[in-house]
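Results of the structural survey
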Amino acid sequence: MIHKITLVVLFIFLSFQVFAGTIKGQVKDVKTGEPLIGATILIKNTKLGAATGLDGSFQIKNIPSGEYQIQVSYISYKTLNIKVKVENKEAIVNIALEENSQETLNEVVVTASADKSSENIARQIERNANQLMNIVSGKAIEISPDLTVANLIQRVSGVSIERNSNGDGQYAILRGMDKRYNYTLVNGIKIPSPDNKYRYVPLDIFPSELLGRLEVTKTLTPDLEGDAIGGVVNMVMKDAPNQLEIRANLASGYSELFINRGFTNFNRNQINSLSPYEMNGSSYGATVNDFPKATATTQTKSPLPNLVGGLSIGNRFLQNRLGVILAASYQNIYRGSNSSFFSSTVYDTEKTSRITSLLERQYSDQQARLGLHSKVDFRLNKNNKIQWYNAYMNLANSQLRDTKSTEFSSGGYDLAKGNAGLSFSTRSRLTQQQIINSTLQGNHSFLEKLKLNWSAVYSIATNKIPDNTSVSVLGKRENFIETKTFASSMSRRWEHNSDQDYAAYLNLAYLTSFDDNTLEMSMGGLYRDKSRENFYNNYQFQPKNAFTQFGKDFTNNSDINWVLNNPRGSVASALTYDATEQVAAEYLMAKLQTKKWQAIGGLRLEQTNQDYEMLFPLGELRPTGRQKYTDFLPSLNLKYQLKTTQFLRTSYFRSLNRPGFFEIVPGKVVNEEFQERGNPDLKRAIADNFDIRYEVFPNPTDQLMLGLFYKYIKDPIEYALSVDATRGQDVFYSPGNYGNATNYGLELDFIKYFQRIGIKANYTYTNSSITTQKIIRERDVNGNLFSKNVLQTRPLYGQSAHVGNLTLLYKDTKSGWDAQLAASYTGERINTVSQFLDNDLWQEAFIQMDASLEKSLNTKWTIFVKANNLLDTPLRVIIKNTNPVNKDIYQDVNSKSNTLIRQDFYKRSFVVGVRFKM
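The following paragraphs examine the structure supplied in this document. All of these numbers come straight from a predicted model, not from anything done at the bench.

**Description of the overall build of the protein chain**
In terms of regular secondary structure, the protein chain is built from five helices and 50 strands. Since a compact globule built from 918 residues should have a radius of gyration of about 29 Å, the 31 Å found for the protein chain is in line with a globular shape. Dimensions of the protein chain, computed from the C-alpha atoms along their principal axes, are close to 100 × 85 × 60 Å. By residue count, 54% of the 918 residues in the protein chain fall in the buried class. Intrachain contacts of the protein chain at a sequence separation of at least 6 include 70% that bridge at least 24 residues. As displayed, the protein chain offers around 40,000 Å² of accessible surface, 56% of which is attributable to carbon and sulfur atoms. Each charge sign in the protein chain was given a centre, from 104 positive and 89 negative side chains, and these centres are 5 Å apart.

**Focus: unusual backbone geometry**
Notably, Leu447 is not glycine yet its phi reads approximately 60 degrees, a positive angle. Note on Leu447: relative accessible area 83%, which makes it exposed. Of note, the phi angle at Asp467 is positive, near 50 degrees, even though the residue is not glycine. Here Asp467 lies in strand β25 (residues 450-478). Overall, Asp467 belongs to the buried group, its relative accessible area being 1%.

**What to know about the sheet that holds strand β2 (residues 40-43)**
Here we have four strands laid out as an open sheet, ordered β3-β2-β5-β6, and antiparallel in their pairing. Bordering the open sheet on either side are β3 (49-51) and β6 (80-86), each of which pairs with just one other strand. Here the average twist between neighbouring strands, direction ignored, is 20 degrees. Pairing between strand β5 (residues 66-73) and β6: seven bridges, direction antiparallel. Considered in β6, the bridge of Gln69 is made with Lys83.

**As for the sheet that holds strand β15 (residues 211-217)**
Judged by pairing direction, the sheet is mixed, and its five strands sit side by side in the order β10-β15-β16-β13-β14 without closing on themselves. The two strands at the open ends of the sheet, each matched to only one other strand, are β10 (133-137) and β14 (189-190). With five bridges connecting them, strand β13 (residues 182-186) and strand β16 (residues 231-237) associate as parallel partners. Across the sheet, the residue bridging to Tyr183 is Val232, located in β16. Lying over the sheet, helix α2 (residues 119-128) contacts β10 and β15, oriented at roughly 170 degrees with respect to β10.

**Side note on the environment of Gln627**
Examined against the element boundaries, Gln627 turns out to sit in strand β31 (residues 624-643). When the C-alpha atoms of Gln627 and Asp611 are compared, they prove to be 6.5 Å apart, with 16 residues separating the residues in sequence. Beyond its immediate sequence surroundings of up to four residues, Gln627 is in contact with Thr608, Asn609, Gln610, Pro659, Ile664, Pro680 and Leu682. Here the side chain of Gln627 touches Leu682 through a polar contact of 2.6 Å, landing on its backbone oxygen.

Criteria and cut-off values
- Residues numbered from 1 in each chain as written.
- Predicted model: local features only at pLDDT ≥ 70, side-chain atom pairs only at ≥ 80, totals over all residues.
- Heavy atoms only, no water.
- Helix = DSSP H or I, 4+ residues; strand = E, 2+ residues; numbered from the N terminus.
- Rg over C-alpha atoms; globule rule 2.2 N^0.38 Å.
- Buried < 20%, exposed > 50% of the residue type's maximum accessible area, 1.4 Å probe, protein only.
- Contact = heavy atoms within 4.5 Å.
- Areas by Shrake-Rupley, 256 points an atom, 1.4 Å probe, with all protein chains shown as cover.
- Lys, Arg positive; Asp, Glu negative; His and termini not counted.
- Charge placed at Lys NZ, Arg CZ, Asp CG, Glu CD.
- Pairing = 2+ DSSP bridges.
- Axes fitted to C-alpha atoms, helices over the stretch in contact; angles between N-to-C directions.
- Polar contact = N/O pair within 3.5 Å; in protein donor to acceptor, adjacent residues only side chain to side chain.

As structure tokens, then:
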């Protein structure tokens, strides 16, 4: 009986399998052929259906034999109904959907286009770009683990990032070229930097959620500004949608660092934004009462949870002729790090560095980041369009740094007995950075062949560091017991700068055709007038009683009675200066398109006039200065279509890198660990750049790119520690031109989507070389110590030989799951250039791993999780040698052949939130 039942069940099962079939296929855009991700396929009068995956494919299994009505739908596309016959095998159906469209009363055709933030659109722009370009799509930005552009950009091929003291990304390094060799655009317009010395823009000021996409351009054409040897970062902000769209998100999280230690902060609301010198005039003699105690009063407690929120509203009006979008992002993040820093120097004729002190630091950072973005575009008619873009970016970073310094070179140091000289310091610093940009643009067509576009731009970037307070207290260690002893000193410092731009762009293009070929000839230029103001003032204090004792006279730094040493401050600094710069550029360019070839070539001319004036020269021989030069920048880009989906690109372009404003000011600045001095003789760097890239696009979502690049750089600008014999053997950190340099490498970029799985991988090998002078010390026959210079070849500052990314994606549209695991590898690179032979500081190689997870609850609501630094990767800086003396001071368990100089731990951080879209 049991055998009969088993046979019946088996027969029914096999019958079901024999008479059941599968419908599978792919859904694409009828015009572009792009796969449509998330399209819905329903079998009418059944409960069967599916949604397309990352490659636009779908599959519906276990369908009984018969004829069915299939309904295919996708947002902003016409719904399609088709008949499909299913037998006991697979029915393959490839479906092409057509976009909805409408015609306005003024005969302006407005098409409801596909999502401009999609991966498909990003790949299409890369394929059709005039330059070598890599793009992160808006959709990839939304599901990525990264909250800022600085962290996001590390996912791009050939890009590594330089991090700040709390472990977040801050600057981009492209193809091994330091941050100074790149420039930053917003919607194609260059923006100024809030930095008080340099030109490069800190990317951590930009919330990533405001972007429609992120573009990294690695070659130049004549219509692009020429001061990019590494590349160009362009942040394309969100555009007005085709219909009313409201997006909002709210999230909270925490840093694992503050589970085991407190967060120390100060009251930043009581800080004077201006110094007594500025508030009361240059002749005013300040007193201790002019300085509030807020920055010297600290408290330690657990921080509040992190808060992240965003809102954007967009729509089109007047029969789609007027588009408006308003977007805002706010982030209040508590971050920090635990850091160990070993000071070192080279003694006598020793060839290796000797450790002199250990600085153990705890950073507590509160970052309040606000981004506002608006864009209005108005189409007058089919030939004329005007748009107005405005952006406001603000980053307020409140940082408190506690430091304990152990002196190894002092006479009282005894490791065995636990004795050492100590000092303690607390620095309270509020840094407020802002970037404001307003751009009015017009696009006009005449007779369908002549095109004109123009831009009028106002931008200003500011940086304010009011009442930067440092308090030092002496201490001691006896029998391994550490105590504070006497108050030592205090400094109060004000710094602020502004960088203001007025710019105008004009481009004219004429399009003609002959023998099925098209030729576009264009010309144009820009004029930018830049002005910069820098202010610096420093007040020094000492205790009223030289023996102000901890525990008796004070327990908090705000309790100490101080005496002001310099009532008018030290405003006479190299950081108090004015600078101006005028850049005028003109170009001619031709673009020829044949059936197989595309050629873009031309010449750009850039004229630069850069001035500075030290407001307090202090005997400097060159208190004012000017650099004026003209550069001819030719370029040629060729693209050849090998097959329908395969292309070969090659390019040559010449570019330059201008000195920063402070870099040519000759005065010195005394920093905490070194003195810094400008160089009025610093030249611009000139580079000849060569590229070749093979591209394969098997379908609109997948790609394979393999490229080679070579750069020859004349007069590269590098920073190094050097001795100024004219100033008493003082050691300065200063910029210089170091002969010539080369930089070559290989790039591989791979993207492949399966139905639910996606893989993004890239790898870059870079090899750079520069030869500079180094110092070694020897003794003559009489025993006298002397220094001599020798040549040493090394990589460029900041260049890693190996940089790679691997991102694994998972998407199940039907169930609403999205997941991403992203790993970034950065090889070792020079962190600081030493003046001594074989004593450069190197940052060790590291892996950064991040993840994100999303679940769509319905068409409007999504919950998400983002996690950063999953491996708790530290920053480690080393010198590639050892000194036998150091073994009595510390033991680096990770290496016995290197000297550890710095080690920072940041811990993991997590964000959990909800997103709304209507």
